[in-house]
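The primary structure of each chain is shown beneath.
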Amino acid sequence: MKKLLLVILLISLFVNCKKEKTKVKPIGLITDNGMIVSARKEASEIGVQILKKGGNAFDAMIATDLALAVAYPFAGNIGGGGFMVYRTSNGKTGALDYREKAPLLASRDMYLDDERNVIEGKSTTGALAVGVPGTIAGLFEVHKKFGSLPFKDLIQPAIDLAKKGVVVTQKQEKRLEKYNHFFEDVNNKKVLLSGDFNENDTIKYIHLAKTLERIRDNGKDEFYKGETGQKLVNHLQENGGIITLEDLEKYEAKWRNPIEFDYKDLRIISMTLPSSGGICLAQILKSIEPYNLKEFEHNSTKYIQLITEAERRAYADRSHFLGDIDFVNVPIDSLTDSNYINHRMSDFSFEKATKSADVSHGKISGYESNETTHYSIIDSFGNAVSVTTTLNGAYGSKVFIEELGFFLNNEMDDFSIKPGTPNMFGLIGAEANAIAPEKRMLSSMTPTIVEQNGKLKMVVGSPGGSTIITSVLQNILNVTEFDMGMQESVSEARFHHQWLPDNIKMEPNAFDLKTKQQLKNLGYEIDESTSVVIGKVDAILVLENGQLEGGADPRGDDTAIGF
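Residues numbered from 1 in each chain as written. Predicted model: local features only at pLDDT ≥ 70, side-chain atom pairs only at ≥ 80, totals over all residues. Heavy atoms only, no water.

In the annotation of an unreviewed UniProt entry, the entry for the protein reads Glutathione hydrolase proenzyme, and the organism field reads Urechidicola croceus. UniProt lists a comment for the protein under the heading Pathway (unreviewed entry), and it reads "Sulfur metabolism; glutathione metabolism." Quoted verbatim from the Sequence similarities (unreviewed entry) heading of the UniProt record, the comment on the protein is "Belongs to the gamma-glutamyltransferase family." (UniProt positions renumbered as here; feature names shortened; annotations may be inferred.)

Here's the deal with the UniProt feature "binding site: L-glutamate" (unreviewed entry) in the protein
The positions that UniProt labels "binding site: L-glutamate" (unreviewed entry) are, in the present scheme, Arg-99, Thr-390, Leu-391, Asn-392, Asp-414, Ser-443, Ser-444 and Gly-465. If you trace the backbone, Asp-414 turns up in the loop between β13 (406–407) and β14 (448–452). Following the sequence through the fold, Ser-444 ends up in the loop between β13 and β14. Ser-444 sits in the buried class, given a relative accessible area of 0%. Polar contacts involving the side chain of Ser-444 include one to the side chain of Arg-318, which spans 3.1 Å. (Helix = DSSP H or I, 4+ residues; strand = E, 2+ residues; numbered from the N terminus. Buried < 20%, exposed > 50% of the residue type's maximum accessible area, 1.4 Å probe, protein only. Polar contact = N/O pair within 3.5 Å; in protein donor to acceptor, adjacent residues only side chain to side chain.)

Re the packing of helix α11 (residues 277–288) against helix α15 (residues 468–482)
α15 packs onto α11 with a crossing angle of 45 degrees between their chain directions and a minimal axis gap of 10 Å. Taken together, the axes of α11 and α15 are oblique relative to one another. For the pair α11 and α15, the crossing hand works out as right-handed. Residue-level inspection shows Gly-277, Cys-280, Leu-281, Ile-284, Leu-285 and Ile-288 of α11 in contact with α15, the latter providing Ile-469, Val-472, Leu-473, Ile-476 and Leu-477. For the contact of α11 with α15, the per-class residue count stands at 10 nonpolar, 1 polar and no charged. (Axes fitted to C-alpha atoms, helices over the stretch in contact; angles between N-to-C directions. Parallel < 35°, antiparallel > 145°, perpendicular 65-115°, else oblique. Left-handed = near helix turned anticlockwise from the far one by under 90°. Contact = heavy atoms within 4.5 Å. Nonpolar A, V, L, I, M, F, W, Y, C, P; charged D, E, K, R; others polar.)

Some thoughts on the sheet that holds strand β18 (residues 526–527)
Strand order in the open sheet formed by 3 strands is β16-β17-β18, and the pairing between neighbours is mixed. Lying at the two open borders of the sheet, with one neighbouring strand each, are β16 (495–496) and β18. Both strand β17 (residues 504–506) and β18 contribute to a ladder of 2 bridges, which runs parallel. Bridge pairing links Lys-505 to Asp-527 in β18. (Pairing = 2+ DSSP bridges.)

A word on the UniProt feature "active site" (unreviewed entry) in the protein
Summarizing the sequence annotation, UniProt attributes the feature "active site" (unreviewed entry) to Thr-372 in the numbering used throughout. Examined against the element boundaries, Thr-372 turns out to sit in strand β10 (residues 372–378). Once you skip the residues sitting within four places of it in the chain, Thr-372 turns out to touch Ala-75, Thr-388, Thr-389, Thr-390, Asn-392, Met-445, Pro-463, Gly-464 and Ile-468. Reaching out from Thr-372, the side chain makes a polar contact with the side chain of Thr-390 at a distance of 3.1 Å.

Regarding the environment of Gly-556
Note that Gly-556 resides in the loop between β20 (548–552) and β21 (559–562). Considered as a pair, Gly-556 and Glu-507 are 49 residues apart in the sequence and their alpha carbons are 14 Å apart. Contacts of Gly-556, omitting those with residues within four sequence positions, involve Lys-171 and Lys-536.

What to know about the sheet that holds β20
Ordered by their spatial adjacency, 7 strands build an open sheet running β1-β20-β19-β15-β14-β9-β8, and the pairing between neighbours is antiparallel. On the outer flanks of this sheet lie β1 (30–31) and β8 (259–263), each paired with one strand and no other. Pairing of strand β15 (residues 455–460) with strand β19 (residues 538–542) involves 2 bridges; the strand directions are antiparallel. Directly across from Met-458, in β19, lies its bridge partner Leu-541. Along the sheet face, α11 touches β8, β9 (266–270) and β14 and points at about 15 degrees away from the line of β8. Across the face of the sheet, α15 comes into contact with β8, β9, β14, β15 and β19 while running at roughly 140 degrees to β15.

Quick word on α11
One turn of an α-helix holds 3.6 residues; hence residues three or four places apart share an orientation. Spanning 12 residues, α11 covers 17 Å between terminal C-alpha atoms, matching the ideal 16 Å at 1.5 Å per step. In terms of burial, α11 is a largely internal element, 12 of the 12 residues being buried. Three or more residues of α11 are buried, namely Gly-277, Gly-278, Ile-279, Cys-280, Leu-281, Ala-282, Gln-283, Ile-284, Leu-285, Lys-286, Ser-287 and Ile-288. (Expected span 1.5 Å × (residues − 1).)

Some thoughts on the nonpolar core
If you look at the biggest cluster of nonpolar residues, it comprises 82 residues, and the most contacted ones within it are Met-61, Leu-66, Ile-78 and Leu-212. Broken down by element, the residue count for this core peaks at 12 residues, all from helix α3 (residues 57–71). Counting 81 residues, the second-largest nonpolar core is a separate cluster that includes Leu-306, Leu-335, Leu-473 and Val-542. (Core = buried A, V, L, I, M, F, W, Y, C linked by side-chain atoms within 4.5 Å.)

Next comes the structure, spelled out in C-alpha cells:
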C-alpha cells in the first residue's frame, strides 16, 4: 500500500512539474482593424464604436477621454489635464501638452508657513491645490487639427453613459470605500460618490451629463468662459481657491515636439517637458544600451541591478534639471547625450549597490500619480495615439462641484512646493520646478509610441505617479528584449527605483526570494510594503502579420476592445 501511495505521489509531482513547464502564456485580445485599451470597458467600447463609424484614432481619443471622465472618476476627468503623443499613418509624429497650469495668483511659497515649513495637506487637498484644468482645451485642440467626425458625435456617447449610469466594479467599490471619508471632509458635505456603494450598483452622473451637454452645445468656451467656467471659479473662490475667470480664459493647450531617440533597432517617441517621461526614458535606455540584456534572465539579480542603477541616475537628474520649458532653460540635448550618459554610468559596478547619497545630478556643459489613467489607440488607417491624463491624486483634490458633476485636480502638488522637500510621490524637486504663475508643473506621465525598422511597433503608457516611467520602460524591454507578447508583458511583475528614497520598490510576492536576497547582499534595500501596484499599463502591440494584440493590465478593470 505504501509503495502504491509513493508511486501515485511521484506521478502527481511529475504531472504538476510538466504542467508548470508548459504553463500557457497569457495572450491579449487580437484584432485586425483597430483597438483601444483603457481603464474601463465602457470607455474602450465607446471609442471603438467611433472607429467602426469611420472615425480616426483622434476622434476615438476624444470619445474615450470623455467616457473615462464618466466611467472612471478616480482619474478620468474634465477637471484635470494630460499629454498626447501621436504617430499618423504616414509616420509623422507629434505631441500635445494640455497639462494644468498654476493660477495667476500663485506664488513660489504659497504652501509654506511663516517659518518656511510646508503646511501639510495644503497642496494636496482642497481648493488651493487645484491647477487650471486643461483637458477640455486639449480635446478641442485635437479635434481642430485631426478630427474627422463632428464633435457633438464624439461627446454624445459620454452624455448617454452618464445618464444611463455606470456599474460599480469590485475594484471601484474598494477605491470608493478607501477614499469616501475624504469627500465629506474636503467638501463639508456629502457628494455624489459619498455613501456606501457595492459591486454591481449603478451610479448615474446627471449633473455631469448636463455639463457635457452645455459643452456639446457651446463648445470649448463653455468650460473656459461660460456658465460652467463661472460656476467652477465661484465654487473654488468660495472655498479658498485662487483660480479666476482670467485663468480659464487664458488657458491654451500647446503642440510640442516629442522626445525622439533610438534604442538599438527601435525608434522611441515619447512626451517632452513639462513631462519628464521622455527624457528619463531616453536616459535609462541609453544607459543600458551597451549591455546585452538577452544574457540576463528576465527580472534576475543582474537585470534588476542594471535597470535600478540607470533609474537612480536619471531620477537624480530629473530632480535637479527638469521643469516647464516655457519657463526654464532645460539642457535636453545634453541630458540625453550618449557621452554624458556613459560618464554617469562609469562608476556602476555589478559588485555592489551605488548609494543615492553618493549620486547627485550630473555636470553638463551649459545649462508625477499614482492615480493617473492611460489609454492606447490604433485605428484601421494606421494612426496611433498614446494618451495619459490625470487628476494627480486619487479623485484629485477631492473637491467635487456638485452642480457640475466632476472632481478637480490637485496638480499643484507636482511643483516643488519647497525645493528639496518630497511631494506626495516622494519625488524631490528643485528650483527648475518651483511654482510660478501660468507655469506648468513637472509630470512623470510617459505616453509613448515605439517604431521598429520604420514601422509602428507598440503604443504604451501607464498611470502610477513616479512609477510611470519605469513601468513603460519595462514593458518596452519585455517585448523587444525578452520576446514577450503584449498581454504577457503587461501582466509581468514590475519594480521601481527613483533615486530617493533609496530603495527598490517591488510588487509584493512577485519576485524570486533568492533574487531579493542577492540584491540585499549587494547593498540594495527592498521595499514591498507600499508597492501593491506599480503602474497599470495599457498597450497595443503590432504583430508581425499586422494584427494587433492588446495588453490590458489585470491590476485594474482595464479592458482591450477591438474589431
